[in-house]
Amino acid sequence: TFVVNFCLKFIHLEAICNFDWGKVLCCPSRGNDDGRLIDEDGEKRINELEDILKKYKDTDSKITINMGIHGLYTCSPHYLEKCISIAKEHNLTIHMHFCENQQEREETIKKYSVENPAEIIEKSFRGIHNILAHCVKISDEDINILKNSI
């Protein structure tokens, strides 16, 4: 069995959910942020994800829909809380970019007033499965925080 994990900014999520994947397990995510990359306040993407969940969640054992969060640096703290709330409500894994480059790391630290981006995961993502993509600019401290927050 193969697993295909589509992440972020997928605009054709319904077509992906309708496709016959055969023996492939498919884990698509609906990418979300609140204005920097997608739409003005992110509500359109949240509404689209909720519509997809109503139609397809738990209808096919080969498809697992994830909550896609583009990245901490592209989401306001309020919007991040909203995404986390939906993930908890629907028992969704969160898939997001994390510490992909130094600029992202610095923007996240400034936006969330933390010393380390992993602190946000530790405080806000408890009880949620996560797929953190890239992780190019994580430190040993990040790794310790992350492994202790599971």
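Being a predicted model, the structure only gives us computed values, none of them experimental. (Residues numbered from 1 in each chain as written. Predicted model: local features only at pLDDT ≥ 70, side-chain atom pairs only at ≥ 80, totals over all residues. Heavy atoms only, no water.)

*Asks:* It is not clear to me how the confidence of the model for the protein should be interpreted in this structure. Could you clarify?
*Replies:* Any residue range with low pLDDT should be treated as having predicted coordinates unsuitable for detailed reading. Here the protein averages 84 in pLDDT, and 87% of its residues register 70 or above. Per-element mean pLDDT across the protein ranges from 64 in strand β1 (residues 2-4) up to 95 in helix α4 (residues 102-112). (pLDDT = per-residue confidence, 0-100. Helix = DSSP H or I, 4+ residues; strand = E, 2+ residues; numbered from the N terminus.)

*Asks:* In this structure, what is going on with the nonpolar core? I would like to understand it.
*Replies:* Taken as a class, soluble globular proteins show a tendency for nonpolar side chains to be buried jointly. Grouped together as the largest cluster of nonpolar side chains are 37 residues, with contacts concentrated most on Met67, Leu80 and Phe125. Of all the secondary-structure elements, those providing two or more residues to this core are α1 (13-18), β2 (24-26), α2 (43-56), β4 (66-71), α3 (77-90), β5 (94-98), α5 (118-124) and α6 (140-148). When residues of this core are assigned to their parent elements, the largest contribution, six residues, is made by α3. Leave out the neighbours within four places in its chain, and Phe125 touches Leu72, Leu80, Ile84, Ile94, Met96, Ile120 and Asn130. (Core = buried A, V, L, I, M, F, W, Y, C linked by side-chain atoms within 4.5 Å. Buried < 20%, exposed > 50% of the residue type's maximum accessible area, 1.4 Å probe, protein only. Contact = heavy atoms within 4.5 Å.)

*Asks:* Would you mind going over the sheet that holds strand β3 (residues 29-32) with me for this structure?
*Replies:* Pairing between the strands of a sheet comes from backbone hydrogen bonds, and it takes one of two forms, parallel or antiparallel. Read across the sheet, four strands follow the order β3-β4-β5-β6 without closing on themselves; strand pairing throughout is parallel. Unpaired on one side and paired on the other, β3 and β6 (130-134) mark the two borders of the sheet. Going from strand to strand, the sheet's axes swing by 25 degrees on average, the running direction of each strand aside. Where β3 lies against β4, four bridges are found, and the strand directions are parallel. Residue pairing for β4: Arg30 is matched across the bridge by Met67. (Pairing = 2+ DSSP bridges. Axes fitted to C-alpha atoms, helices over the stretch in contact; angles between N-to-C directions.)

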